[in-house]
Each structure stands twice: as C-alpha cells, then as structure tokens.
Amino acid sequence: MLKSKVMSVSEAINKYCFSGMSILLPGFVNVGVPETLIDGLLETDITDLNVISNNTSVKGRGIGKLVHADRIKHLNCSHIGNNEETCAKVVAGEIDVTFIPQGTICERVRAGGAGIGGILTPTGVHTPMEEGKQLIEWREDLQKYVFVESDDPEIGKRYILERPIRADVCFIHAWKADKIGNCYFRHTARNFNNVFANAADHVIVEAEEIVEVGELQPDTIFTPHFIVDAVVQGKAPTDV
C-alpha cells in the first residue's frame, strides 16, 4: 500500500519551496488557480520567485497576491492586462517580464515535462519574439530543415526554435485528489494544471476534496500519483 502524501499547507511549502525558486502556477484568470497554496506561500518569507503562468489573475486574488506582496522577481506569462497592479509594477521595473504566446508557453512546458529538446513554432516569426532565438526553415527544394538568420531571404516556411520549460516546483488545484495524489480536475479548471504538473521537480496539489485511494474512477484521473509529492486540503473558489 502506498503511503499517504497528505500534509498541511505549511508542511508542504516548508519541505519543497525556497526563495529564488522557479514555480509553475496554472489557472486562467481565477479558474483553476491554487489559491490555498499561494496564501500559504505568503505566510512565509519566501521571495524572489521566477513565476511561469498564463497570467497574474486580478488584484487581490491568486497570483495577484504574490504581485502585491512583491514576491515575484521574474514573470514568464502570456498576458497581464487583467491585473492593473502587475502592469504598473512591470512599467516601473519592479517585475521583470518575459511575454510568451499562450500556445507557445503551453507547448514549451509540455516539452519540458516530456523530455523533448524544444518545439518549432511559426508564432512570432518576423516579430520581436524571434529576437535572440534560433530560426529554422523548411526547404522544400532540399527536403530538410536548415538554420537561418533573421535577415536571410525567406524561401521556405520559417519556425522559431523554442526551448522547453521546467520549474523547481508546481502548485496545482484539483477538484478531487486521493491520499496518494491522483488528481481529478473539474471542467475548465483543468486548463494548465495537467500540463504544468508534468514539468516540475516537485508537485504540490491542493484539492477541494481529498478521498480515499480507489474512490476515483481511473478515467477521471488526469494527473497520476507518481508525479505528486504532497496533497493538501484546498477550498472551492468563491467566485471566478
């Protein structure tokens, strides 16, 4: 019988989190955001976070609380427009930000979790997104890919070679999880949770309901237990 991974929020954070860590935080605005774990992180003095997330929620909610508390050093995300405080801190130079298109960030994290060396995407070609990155072109006449410079005449279909993303820690939010860490995400709250969980050295799941092993149907398990390091009691979001 596998040992239970259930522990308190403070136990999980003290065991796996540290200042300067990179952390994957899933969620779309406020849906599927691991708010209980974020609140727990704010009760510590852990800071200088390198956050990878689709967005920073809104002021006073979820990741927005980390923004307000000045815990984020660098932010990798697709969008900050929903959070006026994030915008202000980025403009003021208080948070360093790297913008990554939403599909690209998801695929880069997926590649990191799968052990893939990178992805090829046409998104961002001929824009500032290609600066400092390797460009690859499919040459139909040669029937192969070739490396190119940004100012080379374009002959074939061009792609940016994007590197995989991994992190030290990932927080995820599940509707249900059993005591060893099998996770069931409900409806749209699944969003980035499943992909992000695969790409971190340590994964902590907060679950709205923690059940006994065997209570979850196999076809409802999106993230399997062997990926998860700790399970904590979460809460249902009061709104989105």
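Residues numbered from 1 in each chain as written. Predicted model: local features only at pLDDT ≥ 70, side-chain atom pairs only at ≥ 80, totals over all residues. Heavy atoms only, no water.

Visitor: Just checking my understanding: could you explain the overall build of the protein chain for this structure?
Guide: Counting its secondary structure elements, the protein chain contains six helices and twelve strands. Compactness check: the protein chain gives a C-alpha radius of gyration of 19 Å against a globular reference of 18 Å for 240 residues, within 12% of the reference. Projecting the C-alpha coordinates of the protein chain onto the three principal axes gives extents of approximately 60 × 45 × 30 Å. By the burial criterion, 48% of the 240 residues in the protein chain qualify as buried. When contacts within the protein chain are restricted to residue pairs at least 6 apart in sequence, those whose partners lie at least 24 apart make up 73%. Total accessible area on the protein chain stands at roughly 11600 Å², and carbon and sulfur atoms take up 52% of it. (Helix = DSSP H or I, 4+ residues; strand = E, 2+ residues; numbered from the N terminus. Rg over C-alpha atoms; globule rule 2.2 N^0.38 Å. Buried < 20%, exposed > 50% of the residue type's maximum accessible area, 1.4 Å probe, protein only. Contact = heavy atoms within 4.5 Å. Areas by Shrake-Rupley, 256 points an atom, 1.4 Å probe, with all protein chains shown as cover.)

Visitor: How do you make sense of the nonpolar core when you look at a structure like this?
Guide: Side chains of a nonpolar character, in soluble globular proteins, are inclined to be buried together. Among the nonpolar cores identified, the biggest contains 30 residues, and Cys17, Leu41, Ile72, Leu75, Phe171 and Ile204 are the most heavily contacted of them. Those elements that provide at least two residues to this core are helix H1 (9-16), helix H2 (35-42), strand S2 (49-52), helix H3 (63-68), strand S3 (72-77), strand S9 (167-178) and strand S12 (230-233). One finds Leu24, Ala167, Val203 and Ala207 within the second-largest nonpolar core, a separate group that totals 24 residues. (Core = buried A, V, L, I, M, F, W, Y, C linked by side-chain atoms within 4.5 Å.)

Visitor: Explanation requested: the sheet that holds strand S5 (residues 119-121) in the structure shown.
Guide: Strands in a sheet are paired, the pairing made by backbone hydrogen bonds, and the direction either parallel or antiparallel. The strand order across the open sheet formed by four strands is S5-S8-S6-S7, and the pairing between neighbours is antiparallel. Looking at strand neighbours, the two that pair on one side only are S5 and strand S7 (144-148), the edges of this open sheet. The average undirected angle you get between the axes of adjacent strands in this sheet is 40 degrees. Bridge analysis of strand S6 (residues 135-139) against S7 gives five bridges, and the strand direction is antiparallel. Bridging across to S7, isoleucine 136 finds its partner in phenylalanine 147. (Pairing = 2+ DSSP bridges. Axes fitted to C-alpha atoms, helices over the stretch in contact; angles between N-to-C directions.)

Visitor: Can you walk me through the layout of surface pockets in this structure?
Guide: To locate leftover empty space, one rolls a probe as large as a water molecule over the atoms. In this model, the largest pocket occupies a volume close to 230 Å³. Residue lining of the largest pocket: 15 residues in total, with Val31, Arg186, Ala189, Glu208 and Pro237 positioned closest to the centre. Looking at the lining of the largest pocket, the element that brings in the most residues is S9, giving three residues. (1 Å grid on protein atoms, 1.4 Å probe; cavity = no way out; pocket = protein on both sides within 12 Å on 5 of 7 lines; lining within 4 Å. Points joined across faces, edges and corners; volume = space filled by probe spheres on them.)

Visitor: Can you walk me through helix H5 (residues 102-114) in this structure?
Guide: Within an α-helix, residues lying three or four positions from one another point in the same direction, as the helix has 3.6 residues per turn. Taking 1.5 Å as the rise per residue, H5 with 13 residues should run 18 Å; its terminal C-alpha atoms sit 18 Å apart, in good agreement. Within the span of H5, buried status applies to Thr104, Ile105, Arg108, Val109, Ala111 and Gly112. For H5, the arc enclosing every buried residue in end-on projection is 155 degrees, short of the 170-degree limit, so these residues lie on one face. Taken together, the buried residues of H5 touch strand S1 (22-24), S2, S3, S5, strand S8 (157-162) and helix H6 (193-197). Two residues or fewer after H5 comes glycine 115, characterised by a positive phi angle close to 75 degrees. (Expected span 1.5 Å × (residues − 1). Arc of directions from axis to C-beta.)

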